[in-house]
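Here's the letter readout for the chains.
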Amino acid sequence: KCPRVTLYRKTRIMRRRPRKGGGGSQAPTIKYLVDERLGQGANGAYEALQLLRSQAQRAVKAGDGAKAQQISKEGALALLSRGYADSGAEMAMQLVEVYSSQDVSLDYETSIAAIIEIDRAMAGSTLPDGEPPVVERVRFLKAALSWSADVNEIGAYTLGDPRIHALLGASSWAAGDDIDVGVKHQVLGEVPDELAAALMNSGCGALKRDGLACRAVLQFLAVENLRDAVSFLATFRSLVETDSRYTLFSALIIETCQHDAAAEFQELTQTWAGLIERDPANKTAIRIIGQKFFGIQPPQDMMSAMLSMLAPPASS
């Protein structure tokens, strides 16, 4: 009888062993699912994208936002790391959609960290034609910035998270977008040294370059970031051979703001009116600075222009 009991117990133990691939801990990983689809032929990347997207959407409907975020993030990274930048970019957009629909909060260790990690992977990937996905990267970061600007919580930035602004500024330069866009986002991204270097490498003539530097100083001041205005101008002046009228005016306007000198500010803006009015954006910024630092109220018709100058871009 003893041998029979032993055999019976061994049989029961063997029957209780989970089958290969079964059980929660044995579920296929995102990377496995992607590789499985990629191995099925030319349409593998598209099939992997559709599978991951449907899984993320099902998780959202089931109320499991954390799972939807995990699928979207890991799916995007898996596709990007395997050279499918177009499909990876679409999965990255799925992550932002999850963030928006689930009211995900700004967290530098989770939600923002995922944006940064995906952007880094996207910057190192290529499209089927071998070109970098610059347009897709800008589109992804614009959507992420829009989400961060809509987050309604204490400490959130109404103009969007600075770290995403900084990434979008760098990607805008890489994409060959309007230089004004890159300047604006790097100002709001609070990266003065990177902005100074970008202007020096922009290929612009000295006059246009210095004009953009002046605009950057005024935009830093318009968002009451006196610290970065000082840092930016110091770095920029160390990189150019000589001062221009633009850099001299920038130094004077910073000094005026440092000393809370309202009368000097008004005199300065009148004396340098010709330079200020060459750039409509500078004229708007000066009015904002007057209001923020010296309590000089702008005309009512300037308020919408002031807001539009600093507003984050609409995602497309």
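What counts, and where the lines are drawn
The residue count restarts for each chain, going from 1 along the sequence in the order it is written. Only residues with pLDDT of at least 70 get local features here, since the model is predicted, and only at 80 or more are side-chain atom pairs given and counted; chain-wide, interface and lining totals rely on the full set of residues. For side-chain calculations, the full set of non-hydrogen atoms in the structure is used, while hydrogens and water are omitted. Runs of H or I in DSSP of at least four residues are treated as helices and runs of E of at least two as strands, each being numbered from the N terminus. We call a residue buried when its accessible area falls under 20% of the maximum for its residue type, exposed when it is over 50%, and partly exposed in between, using a 1.4 Å probe and counting protein chains only. Any two residues whose heavy atoms approach within 4.5 Å at even a single point are treated as in contact. Every residue gets a pLDDT, meaning the predictor's confidence in that residue, from 0 to 100. Here an axis means a line fitted to C-alpha atoms, over the contact stretch when the element is a helix, while the angle between two N-to-C directions is reported on a 0 to 180 degree scale. Crossing handedness is defined as follows: a turn of the near helix away from the far one that is anticlockwise and smaller than a right angle gives a left-handed crossing, while the clockwise case is right-handed. Only Asp, Glu, Lys and Arg are considered charged in this grouping, and only Ala, Val, Leu, Ile, Met, Phe, Trp, Tyr, Cys and Pro are considered nonpolar; every other residue, Gly among them, is considered polar. Take the residue count of a helix, subtract one, and multiply by 1.5 Å to get its expected span. For Phe, Tyr and Trp, rings pair up if their centres lie within 6.5 Å, where Trp contributes its six-membered ring, and each pair is then called stacked (planes under 30 degrees apart), edge-to-face (over 60) or tilted (otherwise). Nonpolar core, defined: a set of buried Ala, Val, Leu, Ile, Met, Phe, Trp, Tyr and Cys residues in which side-chain atoms within 4.5 Å join the residues together. With a 1 Å grid laid over protein atoms only, a set of points is called a cavity when a 1.4 Å probe fits there but cannot get out and a pocket when it is open yet has protein on both sides within 12 Å along at least five of seven lines; lining residues have an atom within 4 Å of a point. Grid points are joined across faces, edges and corners, and a volume is the space filled by probe spheres set on the points.

**Student:** In this structure, what is going on with the overall build of the chain? I would like to understand it.
**Tutor:** Within the chain, the secondary structure is distributed over 17 helices and zero strands. Every one of the 316 residues in the chain was classed for burial, and the buried ones make up 44%. Considering only contacts within the chain whose residues lie at least 6 apart along the sequence, 60% involve residues at least 24 apart.

**Student:** How do you make sense of unusual backbone geometry when you look at a structure like this?
**Tutor:** Only a minority of non-glycine residues have a phi that is not negative, and only a minority of peptide bonds are not trans. Positioned with a positive phi, Asp-103 is a non-glycine residue whose angle comes to about 50°. Mapping Asp-103 onto the fold places it in the loop between α5 (85-101) and α6 (111-123). Of the residues examined, Asp-103 reaches a relative accessible area of 69% and is grouped as exposed. A positive phi angle, near 50°, is found at Asp-260, a position not held by glycine. If you trace the backbone, Asp-260 turns up in the loop between α13 (245-258) and α14 (262-271).

**Student:** Quick question: what am I supposed to make of the environment of Asp-86 here?
**Tutor:** Looking at the secondary structure, you find Asp-86 in helix α5. Measuring from C-alpha to C-alpha, the distance between Asp-86 and Ala-76 comes to 9.8 Å, with ten residues separating the pair along the chain. Each residue touching Asp-86, except ones within four places of it in the same chain, is listed here: Leu-127 and Pro-128.

**Student:** Explain the environment of Val-191 here, please?
**Tutor:** Structurally, Val-191 can be placed in the loop between α9 (179-188) and α10 (192-200). Considering only alpha carbons, one finds Val-191 and Leu-167, 24 residues apart in sequence, at a separation of 10.0 Å. Beyond its immediate chain neighbours, meaning those up to four positions away, Val-191 contacts Ala-166 and Gln-186.

**Student:** Any chance you could explain the confidence of the model for the chain here in plain terms?
**Tutor:** Predicted coordinates in areas of low pLDDT are best not read in detail. Per-residue pLDDT for the chain averages 86, and the proportion of residues at 70 or more is 84%. Of all helices and strands in the chain, the one with the weakest mean pLDDT is helix α1 (residues 2-16) (42), whereas helix α12 (residues 226-239) scores best (98). Counted against residues more than four places away or in other chains, residues 1-27, with its pLDDT under 50, gives one contact.

**Student:** Got a minute to help me understand the packing of α10 against α12 in this structure?
**Tutor:** Any two packed helices are characterised by how steeply their axes cross, that is the angle between the axes, and by the distance between the axes. Remark: α10 packs on α12, axes separated minimally by 8 Å, with the N-to-C direction vectors making an angle of 35°. Judged by the sense of rotation from one axis to the other, the crossing of α10 with α12 is right-handed. Contact residues: α10 offers Pro-192, Asp-193, Leu-195, Ala-196, Leu-199 and Met-200, while α12 offers Asp-228, Ser-231, Phe-232, Thr-235, Phe-236 and Leu-239. Looking at side-chain class alone, the contact of α10 with α12 contains eight nonpolar, two polar and two charged residues.

**Student:** Where do I start with helix α3 (residues 44-61) in this structure?
**Tutor:** Along an α-helix, a turn takes 3.6 residues, which lines up residues three or four apart on a common side. For α3, built from 18 residues, the straight-helix expectation of 26 Å at 1.5 Å per residue is met to within 8% by its first-to-last C-alpha distance of 26 Å. Along α3, the residues classified as buried are Gly-44, Ala-45, Ala-48, Leu-49, Leu-51, Leu-52, Arg-53, Ala-56 and Ala-59. Residues of α3 that are buried in the fold lie against α2 (30-38), α4 (65-81) and α5. Residue Gly-63 follows α3 closely and has a positive phi angle near 80°.

**Student:** Any chance you could explain the packing of aromatic side chains here in plain terms?
**Tutor:** Going through the model one piece at a time under the given rule, you end up with six aromatic pairs. Relative to Trp-147, the ring of Tyr-99 lies with its centre 4.7 Å away and its plane at 40°, an arrangement referred to as tilted. A residue pair is termed long-range when its members are at least 10 positions apart, and Tyr-99 in helix α5 and Trp-147 in helix α7 (residues 134-150) qualify at 48 residues. Residue Tyr-99 shares its accessibility class with Trp-147, and that shared class is buried. On the basis of an interplanar angle of 20° and a centroid distance of 5.9 Å, the ring pair of Phe-232 and Phe-236 is categorised as stacked. Pair noted here: Phe-232 and Phe-236 are both in helix α12, with a separation of four residues, about one helical turn. Taking relative accessible area as the criterion, Phe-232 reaches 0% and is therefore assigned buried.

**Student:** Looking at this model, I keep getting lost on the nonpolar core. Mind explaining?
**Tutor:** One recurring pattern in soluble globular proteins: nonpolar side chains tend to sit buried together. Counting residues in each nonpolar core, the largest one holds 42 residues, and the members touching the most others are Ile-115, Ile-118, Phe-140, Trp-147 and Ile-164. When contributions to this core are tallied by element, the ones reaching two or more residues are α2, α3, α4, α5, α6, α7 and α8 (162-175). In terms of residue count, α5 provides more of this core than any other element does, eight residues in total. Apart from the residues lying within four places of it in its own chain, the contact partners of Ile-164 are Ile-112, Ile-115, Leu-141, Ala-144, Leu-145, Trp-147 and Ser-148.

**Student:** Which parts of the structure should I look at to understand the layout of surface pockets?
**Tutor:** To locate leftover empty space, one rolls a probe as large as a water molecule over the atoms. For the second largest pocket, the calculated volume is near 330 Å³. Lining the second largest pocket are 14 residues, with Phe-265, Thr-269, Lys-283, Ile-286 and Arg-287 sitting closest to its centre. Mapped by element, the contributors of at least two residues to the lining of the second largest pocket are α14, α15 (273-276) and α16 (280-294). Here the residues of the lining of the second largest pocket are counted per class, giving six nonpolar, five polar and three charged.

**Student:** I would appreciate a short explanation of the side chain of Asp-210 in the present structure.
**Tutor:** Mapped onto the elements, Asp-210 comes out in helix α11 (residues 206-222). If we ignore the near neighbours within four places in the chain, the residues touching Asp-210 are Phe-236, Val-240, Ser-244 and Tyr-246.

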